[in-house]
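Each chain is listed here by its residues.
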Amino acid sequence: MLIMQKRPDVSIQGIDVLVRPQTYVPVTSFDGGKIPHLDASFDVVMFVDVLHHCLHPEQLLAEAKRVTRKSILL
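Since we're looking at a predicted model, the values are computed, not measured. (Residues numbered from 1 in each chain as written. Predicted model: local features only at pLDDT ≥ 70, side-chain atom pairs only at ≥ 80, totals over all residues. Heavy atoms only, no water.)

A. Structural context of the environment of S71. Considering the arrangement of structural elements, one finds S71 in strand β4 (residues 68-73). Between the C-alpha atoms of S71 and L18, which are 53 residues apart in sequence, the distance is 25 Å. Setting aside residues no more than four positions away along its own chain, S71 makes contact with D43, V44 and V45. (Helix = DSSP H or I, 4+ residues; strand = E, 2+ residues; numbered from the N terminus. Contact = heavy atoms within 4.5 Å.)

B. Region of interest: the nonpolar core. By size, the foremost hydrophobic cluster in this structure holds 8 residues: F30, I35, F42, V45, F47, L60, A64 and V67. Of all the secondary structure elements, the ones that give two or more residues to this core are β3 (42-46) and α2 (57-67). When residues of this core are assigned to their parent elements, the largest contribution, 3 residues, is made by α2. With residues near it in sequence (within four places) discarded, F47 still touches L60, L61, A64, I72, L73 and L74. (Core = buried A, V, L, I, M, F, W, Y, C linked by side-chain atoms within 4.5 Å. Buried < 20%, exposed > 50% of the residue type's maximum accessible area, 1.4 Å probe, protein only.)

C. Looking closely at the side chain of E63. If you trace the backbone, E63 turns up in helix α2. There is a polar contact of 2.8 Å between the side chain of E63 and the side chain of R66. (Polar contact = N/O pair within 3.5 Å; in protein donor to acceptor, adjacent residues only side chain to side chain.)

D. Expanded view of the confidence of the model for the protein chain. Chain-level statistics for the protein chain give a pLDDT mean of 93 and a share of 99% at 70 or above. Here helix α1 (residues 2-6) is the element of the protein chain with the lowest mean pLDDT, 86, and β4 is the one with the highest, 97. (pLDDT = per-residue confidence, 0-100.)

E. Highlighting the side chain of T68. One can find T68 in strand β4. Among the polar contacts listed, one links the side chain of T68 to the backbone oxygen of F42, at a separation of 3.4 Å. A polar contact of 3.3 Å, which involves the side chain of T68, links it to the backbone nitrogen of K70.

F. Here's a closer look at the pairing of β4. Sheet topology note: the β3/β4 ladder contains 4 bridges and is parallel. Bridge assignment links V45 to a residue of β4, and that residue is I72. Read as a crossover between parallel neighbours, the route from β3 over α2 to β4 is right-handed. (Pairing = 2+ DSSP bridges. Right-handed = clockwise from strand over helix to strand, strands pointing away.)

What follows is the structure, given as structure tokens:
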């Protein structure tokens, strides 16, 4: 991913309910509800092509709020 090439000091991690075999960023599996990270683990949480697929998007937004220190990017 271009961001990681230009900014080696930036760490990007992904989670998905369906982990594809090849990705540009490291992706780990999760249950679609509880984000598997501690409170305030990230500066920014970003959703890409996610919320319209969720049965309970408000739950996932609450989880994003829990694990971010600064911002949620939709």
